[in-house]
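Chain and residue survey
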Amino acid sequence: MMARVEQAIVDLLTFGLEKGYIDPLDLILKQNQLLDLLGKDSLEIGIAPTYPLPEAKTLLPLFLDYAVSQELVDDSVADRAIFSAKIMAIITPDPSVINREFWLHYQTDPIDATDYFYQLSQDNDYIQTEAIAKNIAFNYQSDYGNLEVTINLSKPEKDPKAIAAALMAKESSYPLCQLCLENEGYAGTLTHPARFNHRIVRFPMLGETWGFQYSPYAYYEEHCIFLASKHRPMQIEKKTFENLFGIVDQFPHYFVGSNADLPIVGGSILSHDHYQGGRHTFAMEKADILFNFEVTGFETVSFGIVNWPMSVIRIQSDDKEALTEAAVHILEKWRGYSDASVSIEAFSDGKPHNTVTPIARRQGAAFVCDIVLRNNRTTAEYPDGIFHPHQDVQHIKKENIGLIEVMGLAILPPRLKDELIEVKKYLAGRPHEIASIHQPWADTITVTDEDYQGTVEKAVGQVFQRVLEDAGVYKMTEQGLSAFKRFVDSL
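Because the structure is a prediction, the values reported are computed rather than measured. Along each chain, residue indices are assigned from 1 in the same order as the chain's sequence is written. For a predicted model such as this one, the threshold for reporting local features is a pLDDT of at least 70, and the threshold for listing and counting side-chain atom pairs is 80 or more; totals across whole chains, interfaces and linings nevertheless cover every residue. The basis for every side-chain value is the complete set of non-hydrogen atoms in the structure, without hydrogens or water.

**Considering the packing of aromatic side chains**
Using the following cut-off: Pairing of aromatic rings covers Phe, Tyr and Trp, the last through its six-membered ring, and needs centres within 6.5 Å; plane angles under 30 degrees mean stacked, over 60 mean edge-to-face, and all others mean tilted. The numbering of helices and of strands both runs from the N terminus, where a helix is a DSSP run of H or I of at least 4 residues and a strand a run of E of at least 2. Categorising residues by exposure relies on relative accessible area from a 1.4 Å probe, with only protein chains included: less than 20% of the type maximum marks a residue as buried, more than 50% marks it as exposed, and the intermediate range marks it as partly exposed. Geometrically, a charge over a ring is one whose NZ (Lys) or CZ (Arg) sits within 6 Å of the ring centre while staying within 35 degrees of the ring normal.
Under the defined criterion, the tally for this structure stands at 30 aromatic pairs. Ring centres 5.4 Å apart and planes at 35° place the aromatic pair F212 and F251 in the tilted group. Placement of the pair is F212 in strand β4 (residues 208-214) and F251 in the loop between α9 (238-250) and β6 (255-257), with a sequence separation of 39 residues. The exposure classification of F212 matches that of F251, with both residues buried. Relative to F282, the ring of Y220 has its centre 5.2 Å away and its plane inclined at 80°; by these criteria the two rings are edge-to-face. Of this pair, Y220 sits in the loop between β4 and β5 (224-228) while F282 sits in the loop between β7 (274-278) and α10 (283-286); the two residues are 62 residues apart in sequence, bridging distant segments of the chain. Overall, F282 belongs to the buried group, its relative accessible area being 2%. An aromatic cluster of three or more residues is present, and its members are F102, W103, Y106, F117, Y118, F203, F212, Y214, F226, F251 and Y254. Over the aromatic face of F367 sits the side chain of R362, whose NZ or CZ is 4.0 Å from the ring centroid. Over the aromatic face of F291 sits the side chain of K485, whose NZ or CZ is 4.9 Å from the ring centroid.

**Considering the sheet that holds strand β3 (residues 201-205)**
Spelled out, the test is: At least two DSSP bridges between two strands are required for those strands to pair. Angles shown run from 0 to 180 degrees and are taken between the N-to-C directions of axes, each axis being a line fitted to C-alpha atoms and, for helices, limited to the stretch in contact.
One open sheet holds the ten strands; their spatial order is β3-β4-β5-β7-β6-β13-β14-β10-β9-β8, and the pairing between them is antiparallel. Bordering the open sheet on either side are β3 and β8 (289-293), each of which pairs with just one other strand. When strand polarity is set aside, the average angle formed by the axes of neighbouring strands in this sheet is 25°. Two elements, strand β10 (residues 312-317) and strand β14 (residues 366-375), share six bridges in a ladder whose sense is antiparallel.

**A word on the packing of helix α1 (residues 2-19) against helix α2 (residues 27-37)**
Packed helices, taken two at a time, are described by the angle their axes make and the gap between the axes. How we decide: If an angle is under 35 degrees, it is roughly parallel; if it is over 145, roughly antiparallel; if it lies from 65 to 115, roughly perpendicular; otherwise it is oblique. Helix crossings get a hand from a simple test, with the near helix turned counterclockwise from the far one by less than a right angle marking a left-handed crossing and a clockwise turn marking a right-handed one. Contacts are residue-level and defined by heavy atoms, with any inter-residue pair within 4.5 Å sufficient. In this classification, Asp, Glu, Lys and Arg are treated as charged, Ala, Val, Leu, Ile, Met, Phe, Trp, Tyr, Cys and Pro as nonpolar, and every other residue, Gly included, as polar.
The N-to-C vectors of α1 and α2 enclose an angle of 140°; their axes lie 11 Å apart at closest approach. Taken together, the axes of α1 and α2 are oblique relative to one another. The two elements α1 and α2 meet at a crossing, and its hand is right-handed. Residue-level contacts link I9, L12, L13 and L17 of α1 to L27, K30, Q31, L34 and L35 of α2. A breakdown of the residues in the contact of α1 with α2 according to their chemical character gives seven nonpolar, one polar and one charged.

Printed below as a string of structure tokens:
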């Protein structure tokens, strides 16, 4: 193994050199840092690089196995992840270098800049491309367009040793959350992921410094995160729309959106102000306008209701200031709007229920914003939320419906990988261990041929469509659309 490790050292450093991530003047320094990390005090001279040169991340298993064999790290998921990040940090340029390169590329074209940073984030294994490839993905042609379904298998399961150790670990408030700038280069713990190879591009926006990074477990093309440099809670307000339009102004090839700012309808991290974006076209963006309408005082802005299972108002204008004011007008009206005929109440016991999920993008010279109306009220009949996946579909999806799913991409839990295999066996009349939560649903599935895989995928897609319909505050029915038009009239 020793000879293979020394070859891997040469190949890793050569990869960094050829990609431009290591300056030739820094080569000896990086070599010695890598030797120290591997507990070695020398390297055989004259080892030639392997050609074709392997990707850096493909060398990680060898380094990890060696480190475990030398008792440099424990053979656990958490310790291997931390050591992997340390190895890849060797070929990862410092933040100052990356930021300088990013903005040099940006002067040519914003796409050149993001291409550079996206490639680097894959090369240094910050974006977990091999883990992401494990996800199960398929499409479903719904009544509203082509919905995308993903069973998320990319995030590693915590092993029992790590869980036990984490329970004994001292609580820490550094970094305050996984989106704080302090994560850049952070060593990681049993309760907080290693970020040795993590880098953040800084960019100016409306008098503040913001950070731009990619998601390590991406759900779609160039899945990225725009985060405030200060740790503060998310809020949907005028500044939100100014920020969203400011981001697509600087990165016109990306969409950007914000999760809602209330529990149940909000995202998983509401404690840190941030947005998600990327280079992907979702089904919601392709959806047609059901009908257009006008709002007095906003003559330079076009308004329309989108043909989508959730309740979406699309606004568009070449004037982003006018578009911002129009978005704020919709938000403020919605915050205080109630319609008991369709179970919409703005407040109960002084607590607000209405908010929005906004998504912005460019369309040529125009700025476009989809504003998705949300309400998080619960009742005895719907304790998880009136406009949340209802009980009969929670065997597939019971988690919050966040920004990504709003747009038509389902992120389903990993348990479904094995559970759906048993459903297929059940439909095929083979021995099975179908989960009781899936039995009633499986009994409704019609099998027209022996394509059990396709049959189950279609059935899951139908459930996801229902999930979105449950989350829509105005149903796509005569009653629902009449109620939606009443809100439009209030604008």
